Amino acid sequence: MPARPIPVLTHVRRLMAATVVLALAACDGPQSTLNPAGVGAERIADLWWWMFGGAVVIWVLVIGLALYATRFGTGQHDVRKARLLIVGAGAVFPTIVLAGLLVWGLRLMPVLRPPTGTAAVRVEVEGLRWWWRVTYVTADGRRIPLANEIRLPVGQLAAFTLTSPDVIHSFWIPSLGGKMDMIPGRVTELALEPTRTGVFRGACAEYCGTSHALMQFGVEVMEPAAFDDWLAGQAAPAEPPASPEAERGQALFLAFGCGACHAVRGTPADGTIGPDLTHVGGRLTLGAGILPNDPDAFARWIGDTHEVKPDAEMPPFGMLPEADLRALALYLDGLT
Ligand code: CUA
């Protein structure tokens, strides 16, 4: 028996259901532009909802016209009315709508790019393969290095200076505001003002190579006093290992030459090629937003680096005995 054709209305219903499900699924979570937690993100979400509403109205009108034309208006058309429809709905209407959106978009620009002279927080971020070098610069000029994590005080403007040495990345915290490309040979800037506390996620929004999709970072918006405490903690050197096994981990870390690439301030490890690990155990995530922060994840990262993040510059140390991996993991996890 030949398959019966699916009625047009069934297609329409399915499409509408899929659209609503997709739209609602994107409304929540730590990386949603539609659940804004920043001044810029709020303006962008407003614009998005108006555009979405307008698109739904236009879609319903177009589908209605298509149904009318195929079901009911199959006789001869009045040429004058048809011309009017083409000129009115095909040229005049889109011109008015797009001009309105253009004006709205231009008026948003000053809000999305506020002057950063008064910014309370200054952060330099460098996009690397495939992680983020983050440096907080204090008012008195001190530089505090960390990696793959941004923390900000709520209600205060933060100014970001963005760079990349080789390929184009794009720095994006969807919950807080718009994104900005990191372009080799140029310095770009972004300003974000969080409006509520919470834990969010940032991501690279420009294809940059093999592990582009694994280039994320944790974001936490904190009360100003908690932020000041956190930053003071980041500026301090590392605590010494708290257990004999962690102490053995530190000895292995130094013996294997990890310090050629990584710094642990307060120890002889002072490399600058890879992420600063002084407080790595206290970060929201590991491996630039892709692993939880616990000893198992440290061991996995060190032993199976390229399974976890293909093409990462760090060589894997899978040849190490399990006990050594464990000791290293415990040492690093204790660097809070
Ligand atoms: Cu970095 Cu995509």
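Up top you'll find the structure we're talking about.
Residues numbered from 1 in each chain as written. Predicted model: local features only at pLDDT ≥ 70, side-chain atom pairs only at ≥ 80, totals over all residues. Heavy atoms only, no water.

A. Highlighting the packing of helix α5 (residues 244-255) against helix α8 (residues 322-333). Interaxial distance between α5 and α8 falls to 7 Å at its minimum, and their mutual angle equals 100 degrees. In this view, α5 runs roughly perpendicular relative to α8, as classed from their interaxial angle. Residues E245, A246, R248, G249, Q250, L252 and F253 of α5 form the contact with α8, whose participating residues are A323, D324, R326, A327, L328, L330, Y331 and L332. Considered class by class, the residues forming the contact of α5 with α8 number nine nonpolar, two polar and four charged. (Axes fitted to C-alpha atoms, helices over the stretch in contact; angles between N-to-C directions. Helix = DSSP H or I, 4+ residues; strand = E, 2+ residues; numbered from the N terminus. Parallel < 35°, antiparallel > 145°, perpendicular 65-115°, else oblique. Contact = heavy atoms within 4.5 Å. Nonpolar A, V, L, I, M, F, W, Y, C, P; charged D, E, K, R; others polar.)

B. Highlighting the packing of aromatic side chains. In the structure shown here, the tally under the stated rule is 12 aromatic pairs. With a centroid separation of 4.9 Å and 85 degrees between ring planes, the pair formed by W48 and W49 is classed as edge-to-face. Using a relative accessible area of 37% as the deciding quantity, one classes W49 as partly exposed. A centroid spacing of 6.2 Å and a plane angle of 45 degrees characterise the contact between Y136 and F227, whose relative ring orientation is tilted. Of the two residues, Y136 is situated in strand β2 (residues 131-137) and F227 in helix α4 (residues 224-235); the sequence distance between them amounts to 91 residues. The pair Y136 / F227 is uniform in exposure class, with both members buried. Among the aromatic residues, those joined into a ring-pair cluster are W132, F160, F171 and F217. Over the ring of W172 we find K179, and its NZ or CZ is 4.6 Å from the ring centre. (Phe/Tyr/Trp six-rings, centres within 6.5 Å; stacked < 30°, edge-to-face > 60°. Buried < 20%, exposed > 50% of the residue type's maximum accessible area, 1.4 Å probe, protein only. Lys NZ or Arg CZ within 6 Å of the ring centre and 35° of its normal.)

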